[in-house]
Amino acid sequence: LIVLTKTNNTSEPITGVTYAGESLTSFASQNNSAYSNNIYARMWYKVAPATGANNIVVSASASIGMSMVAVSLTGANQSAPEASATVVESGASPLDYNITTVTNNAWIVDGYGGNTGTDNFTPNSGQTERQDIGGQAINTEGPITSAGSTAISESYASEVVGIAASIAPVSLPTAEPTMQVIWW
């Protein structure tokens, strides 16, 4: 489970995220303080989350406006994301950056937080937009056949920050399983 939280605040007030009552781990964050509406975005993950319909709860140290988007993955290695990358917009769309995957056939999850609640995001070719709501978007791309640097691009309407994570696939045996046939 990957969750992206976003606030427009002078300091980051988000203190935690839970799913089905279990804590998620923060692994990447990005801040853009160049504008009057400071943007704080953070990605969180949960290895082997509970199945079924459960609540995602975001806790904060102050009463503030915030939003979040999430994506659940199947076939993912049950470990922390293998790599992350962050970027702050340069003043002109699109937002271009790279992430280096470590494992062949990894998936990329990339998320964006905008300066307003009405930002529109458009993913690059090869990416699939999973959610675009409340000034945030989350996309997936993969599998990335060969490990290495992968370019990411996202078009946007206003100030934005981006965070990407590389998620390794489930490890498969490298040799064919052996079978023993016993006749009675």
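It should be emphasised that the depicted structure is a prediction, and the values quoted were computed from it without experimental measurement. (Residues numbered from 1 in each chain as written. Predicted model: local features only at pLDDT ≥ 70, side-chain atom pairs only at ≥ 80, totals over all residues. Heavy atoms only, no water.)

## Considerations on the overall build of the protein
So the rule is basically this: Helix and strand definitions follow DSSP, with helices as H or I runs of at least four residues and strands as E runs of at least two, each counted in order from the N terminus. Two residues qualify as a contact provided that any one of their heavy atoms is within 4.5 Å of a heavy atom in the partner residue. Computed with the Shrake-Rupley method and a 1.4 Å probe, the accessible areas treat only the protein chains shown as cover for residues.
Helix and strand counts for the protein stand at zero helices and 15 strands. When contacts within the protein are restricted to residue pairs at least 6 apart in sequence, those whose partners lie at least 24 apart make up 76%. Per element, the accessible surface of the protein, about 9400 Å² overall, is 49% carbon and sulfur.

## Describing the confidence of the model for the protein
As a reminder, the rule being used: The predictor attaches a confidence to each residue, and that confidence, scored 0 to 100, is pLDDT.
Counting all residues, the mean pLDDT for the protein is 84, and 88% of those residues have values of 70 or more. Predicted confidence in the protein is weakest over strand 11 (residues 122–123), with a mean pLDDT of 84, and strongest over strand 3 (residues 22–23), with 98. Confidence over residues 175–184 falls short of pLDDT 50; this stretch has zero contacts with residues more than four positions distant or in other chains.

## Some thoughts on the sheet that holds strand 8 (residues 83–88)
Keep this limit in mind: Pairing between two strands is assigned when DSSP locates at least 2 bridges connecting them. Axes here mean lines fitted to C-alpha atoms, for a helix over just the part in contact, with angles spanning 0 to 180 degrees between N-to-C directions.
Spatial ordering of the open sheet is given by 8-15-10-13-12, a layout of five strands whose pairing is antiparallel. Only two strands of the sheet have a single neighbouring strand rather than two, namely strand 8 and strand 12 (128–133). Recorded for the sheet is a direction-independent mean angle of 15° between the axes of neighbouring strands. Where strand 10 (residues 106–114) meets strand 15 (residues 160–167), eight bridges bridge the pair, whose relative direction is antiparallel. Looking across to strand 15, one finds that Gly111 is bridged to Ile163.

## What about the sheet that holds strand 11?
Taking strand neighbours across the sheet as the criterion, the three strands line up as 9-14-11 in an open arrangement whose pairing is antiparallel. Edge positions in the open sheet fall to strand 9 (95–101) and strand 11, since each of these has one partner strand only. Strand direction decides the pairing type here: strand 9 and strand 14 (residues 148–155), joined by seven bridges, are antiparallel. The residue bridging Tyr97 from the neighbouring strand is Ile152, located in strand 14.

## Some words on the nonpolar core
Under the convention used in this document: In this text, buried Ala, Val, Leu, Ile, Met, Phe, Trp, Tyr and Cys residues form a nonpolar core when linked through side-chain atoms within 4.5 Å. We call a residue buried when its accessible area falls under 20% of the maximum for its residue type, exposed when it is over 50%, and partly exposed in between, using a 1.4 Å probe and counting protein chains only.
Of all hydrophobic cores here, the largest spans 16 residues; its most connected members are Ile2, Leu4, Met43, Val109, Ile138, Ile163 and Ile167. Of all the secondary-structure elements, those providing two or more residues to this core are strand 1 (2–7), strand 5 (39–45), strand 7 (66–71) and strand 15. Leu95, Ile99, Tyr112 and Phe121 belong to the second-largest nonpolar core, a separate cluster that totals 14 residues.

## Some words on the side chain of Glu141
Note the cut-off: In this tally Asp and Glu are treated as negative and Lys and Arg as positive; neither His nor the chain ends contributes. Only one rule defines a salt bridge in this text: a Lys or Arg side-chain nitrogen within 4 Å of an Asp or Glu carboxyl oxygen.
With respect to the element layout, Glu141 can be found in strand 13 (residues 136–144). The side chain of Glu141 is buried and forms no salt bridge, while Arg130, the nearest opposite charge, is found at 11 Å.

## Focus on unusual backbone geometry
Only a minority of non-glycine residues have a phi that is not negative, and only a minority of peptide bonds are not trans. The peptide bond linking Gly142 to Pro143 adopts the cis configuration, its omega dihedral lying at 0°. Tracing the sequence through the fold places Pro143 in strand 13. Unusually for a residue other than glycine, Ala48 sits at a positive phi of about 50°. Tracing the backbone shows Ala48 in the loop between strand 5 and strand 6 (56–60).

## Examining the pairing of strand 1
Among the six residues in strand 1, six count as buried, and that is most of the element. The two faces of strand 1 match: Ile2, Leu4 and Lys6 on one face and Val3, Thr5 and Thr7 on the other face are all buried. As paired elements, strand 1 and strand 7 share six bridges and run antiparallel to each other. Residue pairing for strand 7: Lys6 is matched across the bridge by Ser67.

## Examining the environment of Gly134
If you trace the backbone, Gly134 turns up in the loop between strand 12 and strand 13. The exposure class assigned to Gly134 is partly exposed, which follows from its relative accessible area of 32%. For Gly134 and Ser67, which are 67 residues apart along the polypeptide, the C-alpha to C-alpha distance reads 6.4 Å.

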